[in-house]
Amino acid sequence: QVQLVESGGGLVQPGGSLRLSCAASGIVFSINHMGWYRQAPGKQRELVAVMWGGGRPDYADSLKGRFTISRDNTLNTVYLQMNSLKPEDTAVYYCKADGATTTFAHFDSWGQGTQVTVSS
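The following refers to the structure shown. Counting restarts for each chain, with residues numbered from 1 along the sequence as it is written. For this predicted model, a pLDDT threshold of at least 70 governs which residues receive local features, and a threshold of 80 or more governs which side-chain atom pairs are given and counted, while totals over whole chains, interfaces and linings are taken from all residues. Note that water and hydrogens are dropped before the side-chain values are worked out from all heavy atoms of the structure.

What follows concerns the sheet that holds strand E1 (residues 2-7). The strands making up a sheet associate through backbone hydrogen bonding, with each pair oriented either parallel or antiparallel. Spatially, the four strands line up as an open sheet ordered E1-E3-E8-E7, and their pairing is antiparallel. Sheet topology places E1 and strand E7 (67-72) at the edges, where each strand pairs with a single neighbour. On average, each strand axis in the sheet is inclined to that of its neighbour by 15°, with strand direction left out of account. Alignment of E1 against strand E3 (residues 18-26), held across six bridges, turns out to be antiparallel. When the sheet's bridge partners are listed, Leu4 is paired in E3 with Ala24. Only strands joined by at least two bridges in the DSSP assignment are considered to pair. Segments assigned H or I by DSSP are reported as helices when at least four residues long, segments assigned E as strands when at least two residues long, and all are numbered from the N terminus. Angular values range over 0 to 180 degrees, each being the angle between N-to-C directions of two axes fitted as lines to C-alpha atoms, with helices fitted over their stretch in contact.

By the secondary structure assignment, His33 is in strand E4 (residues 28-39). A relative accessible area of 7% places His33 in the buried class. In protein, a polar contact requires one atom able to donate a hydrogen and another able to accept it; more generally it is a pair of N or O atoms within 3.5 Å, and residues adjacent in sequence count only if both atoms are side-chain atoms. Of the polar contacts made by the side chain of His33, one reaches the side chain of Asp98; its length is 2.7 Å. Residues count as neighbours in contact if any of their non-hydrogen atoms are within 4.5 Å of one another. Apart from the residues lying within four places of it in its own chain, the contact partners of His33 are Val50, Met51, Trp52, Arg71, Lys96, Ala97 and Asp98. Only protein chains enter the accessibility calculation, which uses a 1.4 Å probe; a residue whose area is less than 20% of its type maximum is buried, one above 50% is exposed, and one in between is partly exposed.

Fair warning: the whole summary comes from geometry, so function is off the table for now.
What follows is the structure in structure tokens.
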């Protein structure tokens, strides 16, 4: 099995910053993409940012310039640096990754989510 564990969420004031981390563990052989999604109350889950295996990032258009995704392949970890946070960024942030296990099976896993609350 492959587990994704997120950390770094919390309460921050508008204009502040947070850095989320997501580490993949278990029977991971290789990872294709790792990314972040979020779901606000009453809304559908949406893409925040994704880092493809070749190192190319993609962002939701509305978040470009404020959020930065990065990845450490040696640690099977993806990060999300969030700056200039706004109340509308309040959501549960989920990590997602897909790839292959050590038994060469495909995995497509979600983390348990971490709450980000932007409020004064």
